[in-house]
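Architecture at a glance
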Amino acid sequence: MNMEKELKINNVGIKAYTAINAKLWVVIPVILLAGLLVTLMYNHHADFSWNGFVEGFDQNFLVFFAIGAFAQLVDGTLGMGYGATSTSFLLAYGVPPVISSTGVHVAEMFTTGASAISHHKFGNINKKLVKNLLIPGVLGSVAGAYLLSDVINGDVIKPFIAVYMIVLAVVIIKKALAKTIVKKKTKKLGILATFGGFMDAVGGGGWGPIVTSTLLGRGRNPRYTIGSVNAAEFAISFASGITFMLFGGIHGWQVIIGLILGGVIAAPLGAYLVNKIKRKPMMVAVGVLIILLSLKTLSKIIVNIF
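Residues numbered from 1 in each chain as written. Predicted model: local features only at pLDDT ≥ 70, side-chain atom pairs only at ≥ 80, totals over all residues. Heavy atoms only, no water.

What about the packing of helix α3 (residues 59-78) against helix α11 (residues 253-273)?
Heads up, the condition is: Angles run from 0 to 180 degrees between N-to-C directions of axes, and those axes are lines fitted to C-alpha atoms, restricted for helices to the stretch in contact. Helix and strand definitions here come from DSSP, where helices need a minimum of 4 consecutive H or I residues and strands a minimum of 2 consecutive E residues; each element is numbered from the N-terminal end. Orientation labels follow simple angle bins: below 35 degrees gives roughly parallel, above 145 gives roughly antiparallel, 65 to 115 gives roughly perpendicular, and whatever is left gives oblique. Each crossing is labelled by how the near helix is turned from the far one, with a counterclockwise turn of less than a right angle marking it left-handed and a clockwise turn marking it right-handed. The classification used treats Ala, Val, Leu, Ile, Met, Phe, Trp, Tyr, Cys and Pro as nonpolar, Asp, Glu, Lys and Arg as charged, and all other residues, Gly among them, as polar.
Closest axis-to-axis distance for the α3/α11 pair is 6 Å, and the angle between their directions is 30°. On the basis of their axis angle, the class for α3 and α11 is roughly parallel. The element α3 and its partner α11 pack so that their crossing is right-handed. When grouped by side-chain class, the residues that make up the contact of α3 with α11 number 16 nonpolar, 10 polar and no charged.

Here's what the structure looks like:
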């Protein structure tokens with residue numbers, strides 16, 4: 001009898017711990033996002049007059065909204081491509097690199113939070129994988145964000161970012177066209193996450209193409225890999241976004257709000273579609289689109305030089 005009571009008590013304790021642990025995956029992003037929103041409104045309330053708010057809803061805002069929605073659909077379904085897609089579009093539209101990268105990462109603080117919650121709801125997360133990616137990814141993203149906001153000249157790095165986007169697009173296409181993948185043990189997750197976080201912050205994208213494509217290339221389950229990398233990306237985006245705010249300030253509110261609203265609305269749909277669409281054709285299409293946008297950006301730079 002005593003043993004049965006002990007077992008019942010232990011089972012109740014385990015269930016309670018599991019329930020609390022499950023809620024934390026939703027509660028933590030919500031608290032962080034609410035705190036960030038309040039801080040931004042308090043520090044920048046002077047920038048948000050009613051006239052400025054009304055005037056902000058113009059053609060440019062609709063473009064940024066559409067970019068945010070499309071990029072989040074790509075990221076939610078493929079586990080990669082939000083930064084690469086949105087940055088390529090923004091650069092091609094004429095947005096400067098620092099504003100583009102800052103806008104993308106501040107927006108990602110909200111969109112990846114919504115995406116992480118959505119993937120958790122649909123049971124797409126491997127918690128052990130998330131924990132292994134989290135700290136190294138955050139450290140890499142903070143270092144990259146600091147360099148871009150306080151050390152590197154955005155105009156100088158712009159053509160390099162465009163070339164980097166083409167490389168990411170080639171990686172995406174290559175992974176899509178790869179034949180049957182043999183499952184291999186993933187080693188040095190910390191180094192992979194650090195490199196992915198750093199390049200994501202400096203280039204305005206790359207966490208998904210670098211981390212997700214590597215893990216999928218080693219035969220990991222697509223559903224749990226995409227969900228877990230998306231969940232970890234919330235912390236990476238949050239860290240780089242805060243770093244951009246501290247060292248570079250916040251610029252381009254119209255870009256940020258457009259990307260946030262478009263991305264948050266599209267996040268649940270992306271998480272739902274992760275197992276509903278054919279990945280290979282989508283990955284090839286996204287890769288080709290990023291290459292075309294990056295070539296357009298490079299052609300503009302070359303024309304301005306000559």
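Here the narrative resumes.
A few points about α3
At 3.6 residues per turn, the α-helix brings residues three or four places apart onto the same side. Worth spelling out the cut-off: Helix span is expected to be 1.5 Å times the residue number reduced by one. Here's how the labels work: a residue is buried when its accessible area is under 20% of the maximum for its type, exposed when over 50%, partly exposed in between, all with a 1.4 Å probe on protein chains only.
The terminal C-alpha atoms of α3, which comprises 20 residues, lie 29 Å apart, in line with the 28 Å expected from a rise of 1.5 Å per residue. Restricting attention to buried positions, one finds in α3 the residues F61, F64, I67, G68, A69, A71, Q72, V74, D75, G76, T77 and L78.

Some details on a nonpolar patch on the surface
Rules: Think of a patch as exposed residues, more than 30% relative accessible area, with no salt bridge, where like charges cluster within 9 Å and nonpolar side chains (Val, Leu, Ile, Met, Phe, Trp, Tyr) cluster within 5 Å. Surface exposure here means Shrake-Rupley accessible area, sampled with a 1.4 Å probe, where a residue is shielded only by the protein chains that are shown. Salt bridge, as applied in this entry: a Lys or Arg side-chain nitrogen positioned within 4 Å of an Asp or Glu carboxyl oxygen.
Residues Y146, V151, L246 and F247 make up a contiguous nonpolar surface patch of about 410 Å² in total accessible area. Turning to its location among the elements, L246 is positioned in helix α10 (residues 222-248).

Overview of a positive patch on the surface
What counts is decided by this rule: Charge assignment in this entry is limited to Lys and Arg as positive and Asp and Glu as negative, and neither His nor the chain termini are counted. Taken as the charge centre is NZ of Lys, CZ of Arg, CG of Asp or CD of Glu, depending on the residue.
A contiguous patch of positive charge, built from K174, K175, K187, K188 and R218, is present on the exposed surface. Along the polypeptide, K187 turns up in the loop between α7 (154-177) and α8 (189-203). Assessed through its relative accessible area of 65%, K187 is described here as exposed.

Considering the nonpolar core
Let me state the cut-off plainly: We define the nonpolar core as a collection of buried residues of types Ala, Val, Leu, Ile, Met, Phe, Trp, Tyr and Cys that are connected through side-chain atoms lying within 4.5 Å of one another. Note on contacts: a residue pair is in contact if any heavy atoms of the two residues lie within 4.5 Å.
In terms of nonpolar packing, the biggest core is built from 38 residues, with L133, M165, W207, I210, V211, L215 and I290 touching the most fellow members. For this core, the secondary structure elements donating two or more residues are α3, α4 (82-93), α6 (127-150), α7, α8, α9 (207-217), α10 and α12 (279-305). Contact partners of L133, with chain neighbours within four places excluded, come to L189, A193, W207, V211, V229, A232 and I236. Judged by nonpolar contacts, the second largest core, of 19 residues, contains A71, F238, M245 and W253.

Describing the environment of P136
Here P136 lies in helix α6. With 55 residues separating them along the chain, P136 and I191 place their C-alpha atoms 7.2 Å apart. When residues no more than four places from it in sequence are discounted, the contact partners of P136 are G190, A193 and T194.

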